[in-house]
Amino acid sequence: MTTAAIIVAAGRGLRAGGGLAKQWRALAGQPVAGHALAAFAGMARVLVIHPDDRALAESVADGARIVEGGATRAASVRAALEALSDQGITKVLIHDAARPAVSADLIARVLTALDHAQGAAPALPVTDALWTGAEGRVTGTRDRSGLFRAQTPQGFDFDAILKAHRAHQGDAADDVEVARAAGLTVVMVPGDEANQKLTFPGDFLRAEQALQKTGARMDVRMGNGYDVHAFCEGDAVWLCGVKVPHGKALLGHSDADVGMHALTDAIYGALAAGDIGQHFPPSDPQWKGADSQIFLKHAADLARSRGFAITSADVTLVCERPKIGPHAAAMRQALAAIMGMEVDRVSVKATTSERLGFTGREEGIAALATAVLVAR
Ligand code: MG
């Protein structure tokens, strides 16, 4: 699974006051859109903007790709989807920039629901009585049963929502409307009152209070991992998801991808969630010859399900040969794709051990890894 987040910041809403469009107004020390972007750190992110706002967008982008939107909300989202269409994305979350206080729990609920649905979105039941009115008087009441307030992020199977947007004519209130028009099923997950859309001046104060609560719980975890595999007869080694031609292979129960195993253990370590051998026992024949992507993806999904973004990962391979440098970029790409991260947050480097010890004698390869996780 490779997940992307689209932050929709292309609107011109000025009702909130302050002269700037609301997503660019300052809130708790940075523009509103910056808070929304930060909530999705660790995913591939696209910030879709009005062309006039490029300078503001660049000040908050933090590595997110900036895409210029169209004349309508639907056109803006489509532009962002098209920009992601060749990136191997499987799930996408589409979020209003004007909802800065979105919580990690809410994002996790939408992602989890997407495992079994083409679309998933947060909703809150309407609890106030509903009236119709004209000229300052109540003219009637409406039944509120079965009515919900829609929130974002709205999550979708990437290919399905791209196809839906390509087929959609005109604007839409949100992406659920586009999805349903294309016949997709969208399930509801519980929304969050704190995840309100900033519309009126008073909304900013409430959002600031919600964000301060989040800030007080700032939670950063770090884990390390170490692994060794011995050489055996063969003609290639798997390292960090890349098959590297070599005069030997690595011996192991799985594909023996020593770098990926160290990184997987680093993520489990940051979560205090045991190690790779506990989750995938070598005694279990189903993991014989297994692709180590399974292990790394499990660790990354576990981090996400516990409300953490992996904000950086660093792997060091220790060997005399094969030479890692020519393959490092492909390894970073492979690891980033498996973990659903931006590639500039993933490092792969190598060192020799000056011909000392078991790695120096070319008896095997060792790997060390560090992962940093931040609660969203
Ligand atoms: Mg291993």
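Residues numbered from 1 in each chain as written. Predicted model: local features only at pLDDT ≥ 70, side-chain atom pairs only at ≥ 80, totals over all residues. Heavy atoms only, no water.

Engineer: Whenever I open this one, the coordination of the magnesium ion confuses me. Can you help?
Structural biologist: For a metal bound by four donors in a tetrahedral arrangement, the ideal donor-metal-donor angle is 109.5 degrees, while six donors in an octahedral arrangement ideally sit at 90 or 180 degrees. Every protein donor of the magnesium ion is accounted for by Asp 227 (OD), His 229 (NE2) and His 261 (ND1), and the metal-donor separations fall at 2.2 to 2.3 Å. Ordering the donors of the magnesium ion by residue number gives the pattern D-x1-H-x31-H. With Asp 227 in strand 13 (residues 220–233) and His 261 in helix 8 (residues 258–270), this residue pair connects regions lying 34 residues apart in the sequence. Per residue, the accessibility class of Asp 227 equals that of His 261, and both read buried. (Donors = N, O, S within 2.8 Å, 3.2 Å for Na, K, Ca; no water. Helix = DSSP H or I, 4+ residues; strand = E, 2+ residues; numbered from the N terminus. Buried < 20%, exposed > 50% of the residue type's maximum accessible area, 1.4 Å probe, protein only.)

Engineer: What's the story with unusual backbone geometry in this structure? I'm lost.
Structural biologist: Peptide bonds are trans in most cases, and residues, glycine excluded, mostly fall at negative phi. Backbone torsion omega between Thr 152 and Pro 153 reads 10°, so that peptide bond is classified as cis. Cis geometry marks the peptide bond from Arg 321 to Pro 322, where omega comes out at 0°. For Pro 322, the position within the fold is in the loop between strand 17 (308–318) and helix 11 (328–339). One non-glycine residue, Ala 256, lies in positive phi territory at about 65°.

Engineer: Looking at this structure, how should I read the packing of helix 8 against helix 11?
Structural biologist: Each pair of packed helices can be described by the angle between their axes along with the distance between the axes. At a closest axis distance of 12 Å, the pairing of helix 8 and helix 11 adopts a crossing angle of 40°. Taken together, helix 8 and helix 11 sit at an angle that is classed as oblique. Relative to helix 11, the crossing made by helix 8 is right-handed. When helix 8 is examined against helix 11, the residues Met 260, Leu 263 and Ile 267 are found in contact with a partner set consisting of Leu 335, Ile 338 and Met 339. The residue inventory of the contact of helix 8 with helix 11, partitioned by class, reads six nonpolar, no polar and no charged. (Axes fitted to C-alpha atoms, helices over the stretch in contact; angles between N-to-C directions. Parallel < 35°, antiparallel > 145°, perpendicular 65-115°, else oblique. Left-handed = near helix turned anticlockwise from the far one by under 90°. Contact = heavy atoms within 4.5 Å. Nonpolar A, V, L, I, M, F, W, Y, C, P; charged D, E, K, R; others polar.)

Engineer: I would appreciate a short explanation of helix 5 (residues 158–167) in the present structure.
Structural biologist: Each α-helix turn comprises 3.6 residues. Residues three or four places apart therefore point the same way. Of the residues making up helix 5, those classed as buried are Phe 158, Ala 160, Ile 161, Leu 162, Ala 164 and His 165. The inward-facing, buried residues of helix 5 abut helix 3 (73–84), strand 6 (91–96), strand 11 (154–157) and helix 6 (175–181). Of the residues that open helix 5, the one with a side-chain oxygen 3.4 Å from the backbone nitrogen of Asp 159 is Asp 157. (Polar contact = N/O pair within 3.5 Å; in protein donor to acceptor, adjacent residues only side chain to side chain.)

Engineer: For this particular structure, what's the right way to read helix 10 (residues 293–305)?
Structural biologist: For helix 10, built from 13 residues, the straight-helix expectation of 18 Å at 1.5 Å per residue is met to within 8% by its first-to-last C-alpha distance of 18 Å. Buried within helix 10 we find Phe 295, Leu 296, Ala 299, Ala 300, Leu 302, Ala 303 and Arg 304. In this structure, the buried residues of helix 10 make contact with helix 4 (104–114), helix 8, helix 9 (276–279), strand 17, helix 11 and strand 19 (364–375). Note on helix 10: the residue one or two positions beyond its end, Gly 307, has a positive phi of about 90°. (Expected span 1.5 Å × (residues − 1).)

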